[in-house]
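Structure assessment
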Amino acid sequence: MIIENIVGNVANLEKRAPHIEYVYLESDQLVKRIQRMTTDHGNEIGMRLSKNEELSDGDVLYMDEKNMVVISVKKDDVLVISPTCMQQMGDIAHQLGNRHLPAQFEGEEMIVQYDYLIEELLHLIGVPHKREKRKVPEPFRYIGHHHD
């Protein structure tokens, strides 16, 4: 089976098929437009999306009256950083920016991929944090740049 379009997302579907197969992906695979995947039932799927499409957790790749194939994103190993004040937020944001480390934000939390050096830095400068396995809403994106 070749998938060329995302049918929708389970969060927005009014009607679901009774049988669901899942494709488990790492968060960094969500940005790959062309890839080969295997469902949890052992069925192989090829995917070729248009340039403007990316996958998200819960995306439905295929659906008919009886079956549907849904993307499920695996949990990432992350550091959840909870600065206690604006000064801490600025300090840690500056440190992470100098390392070109991408971050995501959920409410009052800053989330970065786990790195033992960052964990040591957070401990050293006294910023509250914890290490967890968490589904992130989108892949961590590294934005390239250069120094002139």
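Residues numbered from 1 in each chain as written. Predicted model: local features only at pLDDT ≥ 70, side-chain atom pairs only at ≥ 80, totals over all residues. Heavy atoms only, no water.

As recorded in an unreviewed UniProt entry, the protein chain goes by Urease accessory protein UreE and comes from Halobacillus litoralis. Under the UniProt heading Function (unreviewed entry), the note attached to the protein chain is "Involved in urease metallocenter assembly. Binds nickel. Probably functions as a nickel donor during metallocenter assembly." (UniProt positions renumbered as here; feature names shortened; annotations may be inferred.)

For sheets, the rule is that strands pair by backbone hydrogen bonds, running either parallel or antiparallel. If you walk across this open sheet you meet the three strands as β1-β5-β4, and the pairing is mixed. Across the chains shown, the open sheet's two edge strands, defined by having one partner strand only, are β1 (2–3) and β4 (34–38). Note that β1 and strand β5 (residues 44–48) share two bridges and pair parallel. Note on β5: the bridge partner recorded for Ile-2 is Gly-46. (Pairing = 2+ DSSP bridges. Helix = DSSP H or I, 4+ residues; strand = E, 2+ residues; numbered from the N terminus.)

What follows deals with the sheet that holds strand β11 (residues 129–134). On the basis of which strands lie adjacent, the open sheet formed by four strands has the order β9-β10-β8-β11 and antiparallel pairing. Either end of the sheet is taken by a strand with one partner, and the two such strands are β9 (104–106) and β11. Pairs of neighbouring strands in the sheet enclose a mean axial angle of 35°, with direction left out of account. When strand β8 (residues 76–81) meets strand β10 (residues 109–113), the two strands line up antiparallel, connected through four bridges. Bridge pairing links Ile-81 to Met-110 in β10. The sheet strands contacting helix α1 (residues 86–98) are β8, β9 and β10, and the helix crosses β10 at an angle near 20°. (Axes fitted to C-alpha atoms, helices over the stretch in contact; angles between N-to-C directions. Contact = heavy atoms within 4.5 Å.)

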